[in-house]
Every structure is written in C-alpha cells, then in structure tokens.
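Descriptive structure summary
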Amino acid sequence: MEGRSAECRGAPAAAMIPQMSRRGKFITFEGLDGTGKSTQMRKLAAVVWDAGHRVIETREPGGTPTGEKIRKVLLDSSTAGLAPLAEMALMFAARAQHIAEVIEPALAAGSIVLCDRFTDSTEAYQGSGRRLGSEAVRELHRVLCGNLQPDLTILLDSNPGASVDRARRRNKRTAKGGARSHDENRFEQETRAFFARVHEGYLAIAAREKGRVVMVDARGTPAQTHQRIVEVVRKKLRV
Ligand code: TYD
C-alpha cells in the first residue's frame, strides 16, 4: 500500500450478504512493528472478498492523501526532535481525516474495512511507549474520532525483541532500494525499553477490551497465523 490511499475491492452486488448493506464491519490489525500485520491483512482481505463482501484495505498513519503526507513527517527518521504531544496530535490529525474521508463512508456503504493500526496503536506507542498515558489518548479519541470503535481488533502477538529486529532488517533492505519508497525508520530506532512498554500497553488494552480485542499468536508460520485469524473472524463476525 506504499504511497497509496485506501484500496477498494468491489464484489458483485448479488454476492453481497444482505445485513452488510446496513452497516459494514470495521476490523483493525494491531501489534508491534515486524509482527506481519500487513501480510496478514492482505491475506484476510482475499478471504473476505472471496466470500462476496466489498473490502477496503487501509492503514494508519495514512489512508488518505493528507494522511499520507502526515505519515511522511511522522515516520521519516530525518524528522528530529518531534515532541511526544506533537507526535500524538499528528497521529490523531491523520486519523480524523481518515475516518471522515474513508472509514465512515465505507462503513455506511456496507463495506468491510480492514485497517492496519488504529487508536490502540496510539494508546500503546504514545500512551505507554512515550508515557503520555492512556486517558489522554482515550479522551482525544472521544473528541476527535467520535469514539469510533472497531467491531474486532486482531492483536498479533510475538516476542517483542524478535519482531522489532525483523522490522529493522526490513527497513534496512528498503533503504537499499526495496518496496518502501522512502525512509520509515523513525520508530524502529527506539530502544528495547520503549518497545517493552509498547508491548505492555497492548497487553493492558487486550485485558480491558476483552469483547473487542483478540490476541493471536504470531510466532508460527504466516500460514498458521492466517488460519487462526480466519477462525477468529468467522466466529466473531460471521464473515
Ligand atoms: P506501520 O507502518 O504499521 O509499521 P510496521 O509495519 O513496522 O508495523 O506503522 C508505522 C509506525 O507508526 C509504527 O512504528 C507504529 C507507529 N504508530 C504510532 O506510534 N502511533 C499510532 O497511532 C500509529 C497509527 C502508528
């Protein structure tokens, strides 16, 4: 999805399941850098589309032309000295635009929206990692995002050290001319202690939001993780 806004796959109207036309479903993917979220989201999109639903795949920060500009500022490692509160404000600015321009219209049209990261990322990274606290994040979410909650959040869990190492290796390859068109390393340069706090933040969200967040073990092969995700989605959303 590099450098692109939301991507839509259409399904023939006759194949749509009737209740989907009233309101779609909002599914978010969460986890530390390098847990394989993007791959898993793509694989799930194919399954959902094959089942006859209209699917939107999108991501944060980003998902709209304006949001992708904000993403560049946030992730570029040449962005120096960004204050934690400014970082959080930019995450929410991109999100408010994303909700207005992509997510709400797609849900209103009955689509299934798959989103790579959402407000749980802000709670884990800025709230916990940057120590801004959960309450500030949740309050901003109420004010700026109308408290929009996903129907289901897949939290990919794996060993924090191993996944961040994987993300760092991926971004190093990219710097030498891989798929990512520009440097997105700013967060991967954080310390192990930072990612340990982010991991703790995610565990706390999962413990609090038991009805919405399902933790999926991402330590096996991508195919095993995909199978687990499909089971969860079928069971929880009957998709
Ligand atoms: P992403 O492209 O999903 O990274 P990865 O593929 O490595 O998991 O997300 C970019 C980075 O932005 C990631 O390090 C997490 C961070 N982030 C926040 O800190 N707060 C947020 O609210 C969001 C959405 C992302």
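The model shown is predicted, which means the values in this text are computed figures rather than measured ones. (Residues numbered from 1 in each chain as written. Predicted model: local features only at pLDDT ≥ 70, side-chain atom pairs only at ≥ 80, totals over all residues. Heavy atoms only, no water.)

Quick notes on the overall build of the chain
Operational definition: Elements are defined by DSSP. Helices are runs of H or I of four residues or more, strands are runs of E of two residues or more, and each kind is numbered from the N terminus. Partly exposed residues are those whose accessible area sits between 20% and 50% of the maximum for their type, while under 20% is buried and over 50% is exposed, using a 1.4 Å probe and protein chains only. Residues are treated as being in contact if the distance between any of their heavy atoms lies within 4.5 Å.
Along the chain, the regular secondary structure elements total eight helices and six strands. Sequence-ordered secondary structure for the chain, helices as α and strands as β, is β-β-α-β-α-α-β-α-α-β-α-α-β-α. Expressed as a percentage of the 239 residues in the chain, the buried residues total 49%. Contacts in the chain between residues far apart in sequence, at least 24 positions, make up 80% of those at least 6 positions apart.

With respect to the layout of surface pockets
What counts is decided by this rule: In this analysis the probe radius is 1.4 Å and the grid spacing 1 Å, with only protein atoms considered; a cavity is a set of points the probe fits into but cannot get out of, a pocket is an open set with protein on both sides within 12 Å along at least five of seven lines, and lining residues have an atom within 4 Å of a point. Grid points are joined across faces, edges and corners, and a volume is the space filled by probe spheres set on the points. Classes in brief: Ala, Val, Leu, Ile, Met, Phe, Trp, Tyr, Cys and Pro nonpolar; Asp, Glu, Lys and Arg charged; the others, Gly included, polar.
Within this model, the second largest pocket holds a volume of roughly 230 Å³. Taken together, 16 residues form the lining of the second largest pocket, with Gly34, Thr35, Gly36, Arg166 and Ala218 sitting closest to its centre. Of all elements in the fold, only helix H1 (37-50), helix H6 (160-175) and helix H8 (222-237) reach the threshold of two or more residues within the lining of the second largest pocket. The element best represented in the lining of the second largest pocket is H6, accounting for four residues. For the lining of the second largest pocket, the per-class residue count stands at three nonpolar, 11 polar and two charged.

Topic: the site of the ligand
Quick note on the threshold: By convention in these notes, a residue is near a molecule or strand provided one of its non-hydrogen atoms lies within 4 Å of it. For this analysis, a polar contact is any N or O atom pair within 3.5 Å, provided that within protein one partner can donate a hydrogen and the other can accept it, and provided that sequence-adjacent residues contribute only side-chain to side-chain pairs. Per-residue and other accessible areas were derived by the Shrake-Rupley procedure at a 1.4 Å probe size, with only the shown protein chains allowed to occlude residues.
Contacts to the ligand come from 18 residues, most closely from Asp33, Arg117, Thr122, Gln126 and Arg170. Here Lys37 contributes a side-chain N or O atom positioned 2.9 Å from an oxygen atom of the ligand. At 2.7 Å, a side-chain N or O of Arg170 approaches an oxygen atom of the ligand. Considered on its own, the ligand offers 550 Å² of accessible surface; in the complex 97% of this is hidden by protein. Elements with a minimum of two residues in the shell around the ligand: helix H2 (65-75), helix H3 (84-108) and helix H4 (119-129). Here the shell around the ligand gets four residues from one element, more than from any other, and that element is H4.

What to know about the side chain of Ser163
By the secondary structure assignment, Ser163 is in helix H6. Ser163 gets classed as buried once you look at its relative accessible area, which sits at 2%. Among the polar contacts listed, one links the side chain of Ser163 to the backbone oxygen of Asn159, at a separation of 2.8 Å. Once you skip the residues sitting within four places of it in the chain, Ser163 turns out to touch Leu32, Asp33, Gly34, Thr35 and Ser158.

Structural notes on the environment of Leu32
Along the polypeptide, Leu32 turns up in the loop between strand E2 (25-30) and H1. In this structure Leu32 comes out as buried when scored by relative accessible area, which is 3%. For Leu32 and Ser158, which are 126 residues apart along the polypeptide, the C-alpha to C-alpha distance reads 8.2 Å. In this structure, Leu32 is in contact with Lys37, Arg117, Tyr125, Pro160, Ser163, Phe195, Val198, His199 and Tyr202, ignoring residues within four places of it in sequence.

Topic: the nonpolar core
To be explicit about the condition: To qualify as a nonpolar core, a set must consist of buried Ala, Val, Leu, Ile, Met, Phe, Trp, Tyr and Cys residues joined through side-chain atoms within 4.5 Å.
Counting residues in hydrophobic clusters, the biggest one holds 21 residues, and the most contacted among them are Ile27, Leu44, Leu114, Leu152, Ile154, Ile229 and Val233. For this core, the secondary structure elements donating two or more residues are E2, H1, strand E4 (112-116), strand E5 (152-157), strand E6 (213-217) and H8. Ranked by residues supplied to this core, first place goes to H8 with five residues. Those residues within four positions of Ile27 in sequence are excluded, and the remaining contacts are Ile112, Val113, Leu114, Cys115, Leu152, Ile154, Val233 and Leu237.

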